[in-house]
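Residue-level listing of the chains:
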Number of protein chains: 2
Amino acid sequence: MSRALNAPLVIQSVEQLRQWRHAVRMEGRSVGLVPTMGALHEGHLNLVRAARTACDIVVMSIYVNPTQFAPHEDLDTYPRTLPQDIALLSGPHGSRPLADVVFTPRTSDIYPDGITTDRSQQRGAFVEVLGVSHQMEGGTRPHFFRGVATIVTKLLNLVQPDVAFFGQKDAQQCVVVRSLIRSLCLPVQMVVVPTTREADGLAMSSRNRYLSAEEREAACVFYAGLRAAQTAFMAGERQRDKLLHLVQTEIEKAAPLVQLEYLSLAHPRTLDELDAVGESGAILSGAVKLPSTRLIDNLLLDCEL
Amino acid sequence: MSRALNAPLVIQSVEQLRQWRHAVRMEGRSVGLVPTMGALHEGHLNLVRAARTACDIVVMSIYVNPTQFAPHEDLDTYPRTLPQDIALLSGPHGSRPLADVVFTPRTSDIYPDGITTDRSQQRGAFVEVLGVSHQMEGGTRPHFFRGVATIVTKLLNLVQPDVAFFGQKDAQQCVVVRSLIRSLCLPVQMVVVPTTREADGLAMSSRNRYLSAEEREAACVFYAGLRAAQTAFMAGERQRDKLLHLVQTEIEKAAPLVQLEYLSLAHPRTLDELDAVGESGAILSGAVKLPSTRLIDNLLLDCEL
């Protein structure tokens, strides 16, 4: 198949991916993986740039994973923009692409036993990371991190990267995946890349495109609230109530358009809720609801993921 | 550490294993893994011999996996015979050992978040293979195959073998592991090795050493029953009731010492119970109870695992 040299190699077949991976290994080149669901934005591109710096070869996987959506969620309408995604990953004419390979697997390869959201009818292997999957985002989305842990395990086994790159925006996902890698003894390093933000601080997200102009403008109160708490933390505030109240106050300024769903001040490894930030620091995170979609964001108080 | 050249290299540390594995990969040599819980007998040695034929290097893992035992089962008393196991794997003076490496991991590396049989308190990643884990052996041992799938995933990720070898004696385990490998896209081939038997047909098992002399003699009715059904199958019998009745009749000859726990005539991939053996063949299997222990066995009717 001919392709422009500045475009990524698109691989759909598992067999082709395995052959390609074997050849790269034999050449002794390192591979970085950026797993995504596509609908790329600047945040994804910063993950790719981090991978390019650390690894010889960069693979981006693009796969909208059905098992991390609940039946009432937006699986069917989740944005799928593969041609634009590939264009974004292509370099200027005559230069190397930003990502060397785009892996777009078929669902029949990823879920060979089929998929159903009815858990009692599911077949095949599923991975759960106990202890960090059922609070925060997992509290309102109880199947979400099982879906994430399962697809990440499959993608790591398929691509076999030396390093995998995840965005800090999905803070709990980072905690779950780090626990997954350690617990399943997966032979891969993990790198967490800071959240990329719009000029007004809104965390970049594929779901931001659902926002109306009015919602988009109002949404910035979320980050403003997190920043207010971070500023107080840096000035010495450690108490949960005080820190969360600062976030809440900012978000309420955009009511009723922006509704707080939950706020969390959690230990960065156990995700236990904290009464006060201790020596291990904390993840300050939450979710807000707008008429068109739901947004998550977080800031790290003196910790890493 | 000096060792006799005819003895296997014993590796306990994950870091040492990873370094060793990398070196072997760079030399382009293939690796076969035989995962065991130790207490080796001739059946395990036949797995090693199969691995030696197919692969350049043979690794045996020896690890008594706590998560596949229920609280009332024999985790504490399960035979642990590492020095004898290593002796069995050593070759004659001046020759190569039967297994090149024995991997005996620490529980702190395998379960870095600790282990508890209280499922609500468990932390870390667990793997479940839905559809084939909760009937037959999984019917009476509901956590068993979750423990098996989890430890096999970890061992495959640690040793990264080209081929993994399992015994047909644990037929459902073979079905679960084959589904696991396919479903999690694990980069490994699986080979099932036929059951090794004593002269009177008793399947070799580490738990056979629990049997008293009287029990040992009586236990052979189990295989005799399976053989009677197999003989009828080869003569054309396909009906479940007829086939299972033949097994049952033999086992009852050793009552009350040998008690039938269950018999199964199941589809070789879905493990659905069959009214009659169809084109896909069947796994004829069961479990019996004796005063000192519980034994499982199976025969394959026109199918492979």
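Residues numbered from 1 in each chain as written. Chains lettered and ligands numbered in written order. Predicted model: local features only at pLDDT ≥ 70, side-chain atom pairs only at ≥ 80, totals over all residues. Heavy atoms only, no water.

Per an unreviewed UniProt entry, the recorded name for chain A is Pantoate--beta-alanine ligase, and the organism is Syncephalis pseudoplumigaleata. Per its UniProt entry, chain A bears the Pathway (unreviewed entry) comment "Cofactor biosynthesis; (R)-pantothenate biosynthesis; (R)-pantothenate from (R)-pantoate and beta-alanine: step 1/1." (UniProt positions renumbered as here; feature names shortened; annotations may be inferred.)

K.L.:
Account for the sheet that holds strand E9 (residues 282-289) of chain B, naming residues and giving values.
P.N.:
Residue and element names in this part refer to chain B. Spatial ordering of the open sheet is given by E8-E9-E10, a layout of three strands whose pairing is antiparallel. Of all the strands in the sheet, just strand E8 (259-266) and strand E10 (294-301) have a single pairing partner and so form its edges. For this sheet, the mean angle separating the axes of adjacent strands, direction not counted, is 15 degrees. Where E8 lies against E9, seven bridges are found, and the strand directions are antiparallel. The partner of Tyr262 across the bridge, within E9, is Ala287. Packed on one face of the sheet, helix H9 (residues 220-234) meets E9 and E10 and runs near 15 degrees to E10. (Pairing = 2+ DSSP bridges. Helix = DSSP H or I, 4+ residues; strand = E, 2+ residues; numbered from the N terminus. Axes fitted to C-alpha atoms, helices over the stretch in contact; angles between N-to-C directions. Contact = heavy atoms within 4.5 Å.)

K.L.:
I'd like to hear about the sheet that holds strand E3 (residues 57-62) of chain A, residue by residue, with values.
P.N.:
Residue and element names in this part refer to chain A. Overall, parallel pairing links the six strands, which are arranged E1-E4-E3-E2-E6-E7 in an open sheet. Every interior strand has two partners, whereas the edge strands, strand E1 (9-11) and strand E7 (189-193), have only one. Here the strands of the sheet are splayed against their neighbours by 25 degrees on average, with no regard to which way each runs. One ladder, built from two bridges, connects strand E2 (residues 31-36) with strand E6 (residues 163-167); its direction is parallel. Within the sheet, the bridge partner assigned to Leu33 lies in E6 and is Ala164. Packed onto the sheet, helix H1 (residues 14-26) meets E1, E2, E3 and strand E4 (101-103) and runs at close to 130 degrees relative to E1.

K.L.:
Mind laying out the side chain of Asn65 of chain A, listing which residues take part and the relevant values?
P.N.:
Residues and elements named next belong to chain A. Relative to the elements of secondary structure, Asn65 occurs in the loop between E3 and helix H3 (82-89). A polar contact is formed between the side chain of Asn65 and the side chain of Tyr111, at a distance of 2.6 Å. The residues touching Asn65, leaving out its near neighbours within four places in the chain, are Met37, Tyr111, Gly147, Val148 and Ile151. (Polar contact = N/O pair within 3.5 Å; in protein donor to acceptor, adjacent residues only side chain to side chain.)

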